[in-house]
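In case you want the letters, here they are:
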Amino acid sequence: MKIVIADGLHEADYLINLFNRRGNNLIVINRDEKACHYLSERNNIPVIHRSPVRENNLLAAGAKGADLFIALSQNDIKNYVACKTAKQLLGVKRCIATVVNPKNVSLLKKLGVDAVLCATYLLGEQIHSSASLDSLIDSLSLEDDKIQILELRIKQDDEACGKSLEQLNLSGIASISCVYRQDQGIIPNGKTVLQDGDKVLLVTTAESMERVTALFRRKRS
């Protein structure tokens, strides 16, 4: 998979290391010269010192037609512009932007960014939905190198489409924490039936990730 990582420092370093271990084709572009040197030396890869909001810079970096574009700047607007440039002008399939201001999560989604992540927003949602403070602390204490969070879209020809979570029988390998359907979040139970267009948020282990992904990508025969 061709993945573009734009801007960021420690976040970019973590993602570069993660994606490199899985054999992806990485393109790393960063507007900050010191960050470029840091990321290049830490990961032994080339890092392009250019602004990722400009179309010609992304073209020169080889980002055209990438599978995934991740914008990690501390400036929410720059992340939005970088994602829109990548998607609209370079045909990138999917864009993810991080934001500092939690109020910008819904705004950037409405403006066409595929996924918007904000630590403060996610923490607030977790606290709001948590049954107790103890369970919240337990969930936040999971080791991030062992736990994987996947977002998968259900399509009409998927074998999982039209099945309930009970029928899928994910026990022991994954848990579906949320189903996004027509811009509304659903906290699922065993009777929840997956529909065409649903976005499913799964929590699984690193060891089970490939098995879970294969299960949801299986097509009807």
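Residues numbered from 1 in each chain as written. Predicted model: local features only at pLDDT ≥ 70, side-chain atom pairs only at ≥ 80, totals over all residues. Heavy atoms only, no water.

S.K.: Pulling in residues and values, what's your account of the pattern of salt bridges?
M.R.: Pairing is possible between side chains that carry opposite charge, provided their charged atoms lie close to one another. A complete count under the given rule lists 10 salt bridges for this structure. With a shortest N-O distance of 2.5 Å, Lys219 and Asp158 are connected by a salt bridge. Note that Lys219 is positioned in the segment after α9 (209–217) and Asp158 in the loop between β7 (147–153) and α8 (165–168), a separation of 61 residues in sequence. Accessibility expressed as a relative area gives 39% for Lys219, which makes it partly exposed. A relative accessible area of 2% places Asp158 in the buried class. (Salt bridge = Lys/Arg side-chain N within 4 Å of Asp/Glu carboxyl O. Helix = DSSP H or I, 4+ residues; strand = E, 2+ residues; numbered from the N terminus. Buried < 20%, exposed > 50% of the residue type's maximum accessible area, 1.4 Å probe, protein only.)

S.K.: Quick one: what's the story with the side chain of Asp76, residue by residue and with numbers?
M.R.: One can find Asp76 in helix α4 (residues 76–90). Once residues lying within four places of it in the same chain are set aside, the contact partners of Asp76 are Thr98, Val99, Val100, Asn101, Asn104 and Leu108. (Contact = heavy atoms within 4.5 Å.)

S.K.: I'd like to hear about the packing of aromatic side chains, residue by residue, with values.
M.R.: What characterises a pair of aromatic rings is the spacing of the ring centres plus the angle enclosed by the ring planes. Applying the stated criterion to the full structure yields 0 aromatic pairs. One cation-aromatic arrangement involves Lys109 over Tyr180; the distance from NZ or CZ to the ring centre is 5.9 Å. (Phe/Tyr/Trp six-rings, centres within 6.5 Å; stacked < 30°, edge-to-face > 60°. Lys NZ or Arg CZ within 6 Å of the ring centre and 35° of its normal.)

S.K.: A description of the side chain of Lys84 should follow, citing residues and the corresponding values.
M.R.: Following the sequence through the fold, Lys84 ends up in helix α4. Here Lys84 occupies a buried position and makes no salt bridge, while the nearest side chain of opposite charge, Asp114, is found at 9.0 Å. (Lys, Arg positive; Asp, Glu negative; His and termini not counted.)

S.K.: Run through the nonpolar core, naming residues and quoting values.
M.R.: Generally speaking, a soluble globular protein has its nonpolar side chains buried in company with each other. With 23 residues, the main nonpolar core has Val4, Leu58, Phe69, Cys83 and Val92 as its most contacted residues. Counting only elements with at least two residues in this core, the list comes to β1 (2–6), β2 (25–30), α3 (55–61), β4 (68–71), α4, β5 (95–98) and α5 (104–110). Ranked by residue count, the leading element in this core is α4, at 4 residues. Among residues more than four places away in sequence, those in contact with Cys83 are Phe69, Ala71, Cys95, Ile96, Ala97 and Val113. Core analysis: the next-biggest nonpolar cluster, separate from the first, contains 19 residues, Ala160, Ile176, Val200 and Leu202 among them. (Core = buried A, V, L, I, M, F, W, Y, C linked by side-chain atoms within 4.5 Å.)

S.K.: I'd like a rundown of α4, residues and numbers included.
M.R.: Look at α4: 20 Å from first C-alpha to last across 15 residues, which is about the 21 Å you get at 1.5 Å a residue. Asp76, Asn79, Ala82, Cys83, Lys84, Thr85, Ala86 and Leu90 are the residues of α4 that are buried. Buried-residue contacts for α4 involve α3, β4, β5 and α5. One or two residues past the end of α4 sits Gly91, with phi positive at roughly 70°. (Expected span 1.5 Å × (residues − 1).)

S.K.: With reference to specific residues and values, describe the pairing of β4.
M.R.: Burial along β4 is two-sided: the residues Leu68 and Ile70 and Phe69 and Ala71 are all buried. Examined bridge by bridge, β1 and β4 share 4 bridges and lie parallel to one another. Each bridged residue has a counterpart across the sheet, and for Val4 the counterpart in β4 is Phe69. Bridging between β4 and β5 involves 3 bridges; their strand directions are parallel. Within β5, the position partnered with Ala71 by the bridge is Ala97. What joins β4 to β5 is α4, and the crossover it makes is right-handed. (Pairing = 2+ DSSP bridges. Right-handed = clockwise from strand over helix to strand, strands pointing away.)

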